Amino acid sequence: MLTQLQIHHIRNLSQVALRELGQVNIFFGPNGSGKTSILESVHMLGMSRSFRTGTPRTLVAHGEQRCTVYGVTEFSTAGQRAAVAVQRDVSGELQIKLAGEKVRSVAELVAHLPLQVLNAASFDLLTGSPAARRQFLNWGVFHVEQRFFSEWQRFQRCVKQRNKLLRRGKLEQSELSVWTRELATSGEQIHAFRQAYFEALAPRFRAIMSELSPALEGLELRYRKGWDKSLAYAAALAASEVADREQGYTHVGPQRADLRVTVSGYSAAETLSRGQQKLVVCGLKLAQGQIMSEAQPRGCVYLVDDLPSELDAQHCRQVCEALTALQAQVFITCVDASDLAGMWPDGVKPLMFHVEQGSVSLKSVAAS
């Protein structure tokens, strides 16, 4: 749980200090006031980057050379309290400190403060490229399977080296075979991790969706491993070797995997309304949070941008109730305070922060 947050020079947030953060934190105010930038700042604290842009120059306030986010995390069940700081220069230089020590791997930061984002870009889980869904899947596996990250790094090195060899004009079969064997072994392990995670994710997703949208029948989550399901990865690589040589890259493998949502066999992206799609995305993110809360005591922090958009009051309330059931910390935005203040179960008292022209002030605590 994030208990304190300080923001320096992120977009229109010049100096913001929030020393009273709760389980549910609602940021309300007019469009362009800086609400989403607060969520961006928390995302930077857990992922070292913005969820809106990969360019530091557009993230750093105009006229400044760097931006900084500082926070304090407390995980009572694990007995951990630590200060976290992330600084980015307009040049792209990154500095991370965790508990006073410099951190060189972003993976360490990601593991310390797991984040889930629900915003307009989250629709990519249904309508975007497979890359967005692989990223979603990898995030889940990373947080519950300690061996995944090192294996993923190994796989990335293998596929990069194999592709480099494939692009050569002349290629010795023996040299290619060495990397192909290594790739086959690593690829099978990546698939095994993902398959195990998917088998935990799918039933939780169905259960959550039966609560969020019981009228939505025939909803199914499907995982495709990235090669012919009837073949071992080594056999699939052998079958595609001619095409790989001709086009200079590896056609099959975990780098081609996909996770699809269907409704009665048809793509959810093509058959569902925008509101239904948002509920499905919420279901996917909530299912991941449920697995996280079971796998480790800290759970994850949810960053939710403009939940009322595309959802009626009933469905907003159901999502808020599901977030409460996870005991997740929530940072959530809306235009009007009344849009979300009364959406939470009895006993939950959100902290209300008014945001206007880059200034953030704590208002009276809302009682549901």
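I'd like to hear about helix 11 (residues 274-295), residue by residue, with values.
Along an α-helix, residues three or four positions apart point the same way, because every turn accommodates 3.6 residues. Between the first and last C-alpha of helix 11 there are 32 Å, a value that for 22 residues agrees with the 32 Å anticipated at 1.5 Å per step. Summarising burial for helix 11: 16 of the 22 residues are buried, a large majority.

Give me the lowdown on helix 5 (residues 130-144), citing residues and values where you can.
Across its 15 residues, helix 5 extends 22 Å between first and last C-alpha, which sits within 8% of the 21 Å expected from 1.5 Å per residue. Where helix 5 is concerned, the buried positions are Arg133, Arg134, Phe136, Leu137, Asn138, Trp139, Gly140, Val141, Phe142 and His143.

Break down the packing of helix 11 against helix 12 (residues 313-325) for me, with residues and values.
Axis separation between helix 11 and helix 12 bottoms out at 11 Å; the angle between their running directions is 5°. The pairing of helix 11 with helix 12 is recorded here as roughly parallel in orientation. Side by side, helix 11 and helix 12 meet where Leu279, Cys282 and Leu286 of the first sit next to His315, Val319, Ala322 and Leu323 of the second. Here the contact of helix 11 with helix 12 is built from residues that sort into 6 nonpolar, 1 polar and no charged.

I'd like a rundown of the environment of Lys225, residues and numbers included.
In this structure, Lys225 sits in the loop between strand 9 (219-224) and helix 8 (233-239). The exposure class assigned to Lys225 is buried, which follows from its relative accessible area of 13%. The sequence separation of Lys225 and Lys170 amounts to 55 residues, and the corresponding C-alpha distance is 31 Å. Aside from chain neighbours lying at most four places away, what touches Lys225 is His191, Leu231, Gly253, Pro254 and Ala257. At 3.4 Å, the side chain of Lys225 forms a polar contact with the backbone oxygen of Leu231.

Quick one: what's the story with the packing of aromatic side chains, residue by residue and with numbers?
Tallied over the full model, the rule gives 8 aromatic pairs. With a centroid separation of 4.9 Å and 15° between ring planes, the pair formed by Phe27 and Phe353 is classed as stacked. One end of the pair, Phe27, is in strand 3 (residues 24-28); the other, Phe353, is in strand 14 (residues 351-356), with 326 residues separating them in the sequence. One exposure class covers both Phe27 and Phe353, and it is buried. Centre to centre, the rings of Trp227 and Tyr233 are 4.4 Å apart; their planes meet at 25°, and the pair counts as stacked. Cluster of aromatic residues (ring-pair linked, three or more members): Phe148, Trp152, Phe155 and Phe193. Sitting over the face of the ring of Phe123, Arg274 holds its NZ or CZ atom 3.6 Å from the ring centroid.

Can you tell me about the sheet that holds strand 10 (residues 258-263), naming the residues and giving the values?
Spatially, 3 strands are ordered 9-10-11 in an open sheet, and the strand pairing comes out antiparallel. Both edges of this open sheet fall to strand 9 and strand 11 (266-267), since each of them pairs with a single strand only. Relative to strand 10, strand 9 runs antiparallel, the two being bridged by 6 bridges. Within the sheet, the bridge partner assigned to Glu220 lies in strand 10 and is Thr262. The strands that helix 5 touches are strand 9 and strand 10; relative to strand 10, the one it contacts most, it runs at about 105°.

Which residues make up the nonpolar core, and what values do they have?
Among the nonpolar cores identified, the biggest contains 113 residues, and Leu5, Val280, Tyr302, Leu307 and Trp344 are the most heavily contacted of them. The element contributing the most residues to this core is helix 7 (residues 173-212), with 12 residues. Ignoring any residue separated from it by four or fewer positions in sequence, one finds Leu307 in contact with Lys278, Cys282, Cys316, Val319, Cys320, Ile332, Thr333 and Leu340.

Which residues make up the pattern of salt bridges, and what values do they have?
Counting across every chain of the model gives 16 salt bridges. Put simply, Glu175 and Arg168 hold a salt bridge, and the shortest N to O gap is 3.2 Å. Taking the relative accessible area as the measure of exposure, Glu175 reaches 30% and is therefore partly exposed. Through salt bridges with shared partners, a single ionic network connects Arg11, Glu40 and Arg52.

Analysis parameters
Residues numbered from 1 in each chain as written. Predicted model: local features only at pLDDT ≥ 70, side-chain atom pairs only at ≥ 80, totals over all residues. Heavy atoms only, no water. Helix = DSSP H or I, 4+ residues; strand = E, 2+ residues; numbered from the N terminus. Expected span 1.5 Å × (residues − 1). Buried < 20%, exposed > 50% of the residue type's maximum accessible area, 1.4 Å probe, protein only. Axes fitted to C-alpha atoms, helices over the stretch in contact; angles between N-to-C directions. Parallel < 35°, antiparallel > 145°, perpendicular 65-115°, else oblique. Contact = heavy atoms within 4.5 Å. Nonpolar A, V, L, I, M, F, W, Y, C, P; charged D, E, K, R; others polar. Polar contact = N/O pair within 3.5 Å; in protein donor to acceptor, adjacent residues only side chain to side chain. Phe/Tyr/Trp six-rings, centres within 6.5 Å; stacked < 30°, edge-to-face > 60°. Lys NZ or Arg CZ within 6 Å of the ring centre and 35° of its normal. Pairing = 2+ DSSP bridges. Core = buried A, V, L, I, M, F, W, Y, C linked by side-chain atoms within 4.5 Å. Salt bridge = Lys/Arg side-chain N within 4 Å of Asp/Glu carboxyl O.

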